[in-house]
Amino acid sequence: MNNALVLRCEQLGRVYRDGSREVQVLNGVELALRDGEKIAIVGASGSGKSTLLNLLGGLDTPSRGRVMIRGQDLAALGERALCRWRNQHLGFVYQFHHLLPEFDARENVAMPLLIGGAGRRSAWQAAEAVLAQVGMQHRLQHRPGELSGGERQRVAIARALVTQPDCVLMDEPTGNLDPESAEQVLALIDSLSAASTGFIVVTHDPRIAQRMDRTLELRQGALLEQPRAPA
Ligand code: ADP
Ligand code: MG
């Protein structure tokens, strides 16, 4: 694959300090994601998957090593520039949707564009278009509390995609869903990645991992490529 590198990390380490105790969660993680690539990250509970995703997304700072997005070392950016870089290049989807309860679906999805400086009219239009893409055009004015779990997650995915990011980071995106809603979300990821958006999906579900281009296992603080079972 000759596609351009979207995201790369080198020798990434993260130590949590808890009083006098040190917990080394990540220790030398290497990862490269190319345009349009879909990578699954699997690993036991507590192996550091969420920690890794937070570092890749610039939400947390590594103890050593570095993360580069489109060649930019995140550590070299100040707080404001980092926020802007994240807003322009990345989308996030969490296990629990993290939608704002006081805002309806359209407002939630428009939010990253508004934060990025877009006008309200164009942000709403873009939000409506992406909500239609995830099959939620009939729920524009519903608040999260008025939506089912699967619908909320589809709105959360729309919010992650509305800025047309280079890469979407997902942490257990179907972990909280019934099998049918999970399948809808997976089908959505399939159809969206046909475009050039890259995905890094943390999951403990081998069926999800199977649908990505590559699977990496986080074990003892490092990522190991998992061989593919023949289809
Ligand atoms: P996973 O997502 O794979 O279940 P996490 O990345 O959430 O794992 O956590 C990895 C390890 O780091 C766990 O042992 C967890 O207890 C520890 N950990 C996570 N966040 C913190 C924190 N803020 N302070 C101290 N320890 C943490
Ligand atoms: Mg986790």
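Here goes a summary of the coordinates provided. Each chain has its residues counted from 1, following the order in which its sequence is written. The order in which chains are written sets their letters, starting at A; the order in which ligands are written sets their numbers, starting at 1. Owing to the predicted nature of the model, reporting of local features is limited to residues with pLDDT of at least 70; listing and counting of side-chain atom pairs is limited to 80 or more, with chain, interface and lining totals taken over all residues. Only hydrogens and water are set aside when side-chain values are computed; all heavy atoms of the structure are taken into account.

### A word on the site of ligand 1
Moving on, step 1. Lining the immediate environment of ligand 1, one finds Tyr16, Val25, Ala44, Ser45, Gly46, Ser47, Gly48, Lys49, Ser50 and Thr51.
Moving on, step 2. Take Tyr16: an N or O atom from its side chain is 3.3 Å from a nitrogen atom of ligand 1.
Moving on, step 3. Counted as a polar contact is a pair of N or O atoms within 3.5 Å, where, for protein atoms, one must be capable of donating a hydrogen and the other of accepting one, and residues adjacent in sequence contribute only when both atoms are in side chains. Backbone polar atom of Gly46 to an oxygen atom of ligand 1: 2.7 Å apart, as the coordinates give it.
Moving on, step 4. Take the shell around ligand 1: its biggest share by element is 3 residues, from helix H1 (residues 49-56).
Moving on, step 5. Considered class by class, the residues forming the shell around ligand 1 number 3 nonpolar, 6 polar and 1 charged. We call a residue near a molecule or strand whenever a single non-hydrogen atom of that residue lies within 4 Å of it. Starting at the N terminus, helices and strands are each numbered in turn, a helix being any DSSP run of H or I of at least four residues and a strand any DSSP run of E of at least two. Under the grouping applied here, Gly and all other residues not named as nonpolar or charged are polar, the nonpolar ones being Ala, Val, Leu, Ile, Met, Phe, Trp, Tyr, Cys and Pro and the charged ones Asp, Glu, Lys and Arg.

### Regarding the layout of surface pockets
Moving on, step 1. For the largest pocket, the calculated volume is near 420 Å³.
Moving on, step 2. Contributing to the lining of the largest pocket are 17 residues, with Asn87, Phe92, Pro112, Ile115 and Arg159 lying nearest its centre.
Moving on, step 3. Of all the secondary structure elements, the ones that give two or more residues to the lining of the largest pocket are helix H2 (79-89), strand E6 (90-93), helix H3 (105-115) and helix H5 (149-161).
Moving on, step 4. Of all the elements, H3 adds the most residues to the lining of the largest pocket, at 4 residues. Buriedness of a pocket was judged along seven lines, with at least five required to meet protein on both sides within 12 Å; pockets are open sets of points on a 1 Å grid over the protein atoms alone, cavities are sets where a 1.4 Å probe fits but cannot get out, and lining residues have an atom within 4 Å of a point. Grid points are joined across faces, edges and corners, and a volume is the space filled by probe spheres set on the points.

### Section: the pairing of strand E2 (residues 21-34)
Moving on, step 1. With 11 bridges joining them, strand E1 (residues 5-18) and E2 adopt antiparallel strand pairing. Paired with Leu7 across the strands is Leu33, a residue of E2. The pairing criterion is simple: DSSP has to find at least two bridges between the two strands.

### Quick notes on the pairing of strand E7 (residues 167-171)
Moving on, step 1. In terms of burial, E7 is a largely internal element, 5 of the 5 residues being buried.
Moving on, step 2. Burial along E7 is two-sided: Cys167, Leu169 and Asp171 and Val168 and Met170, pointing in opposite directions, are all buried.
Moving on, step 3. Looking at chain direction, E6 and E7 are connected through 4 bridges and run parallel. In the sheet register, Val93 faces E7, and the bridge partner there is Met170.
Moving on, step 4. Here E7 runs beside strand E8 (residues 198-202); their pairing, made up of 5 bridges, is parallel. Of the residues in E8, the one forming a bridge with Val168 is Phe199. Categorising residues by exposure relies on relative accessible area from a 1.4 Å probe, with only protein chains included: less than 20% of the type maximum marks a residue as buried, more than 50% marks it as exposed, and the intermediate range marks it as partly exposed.

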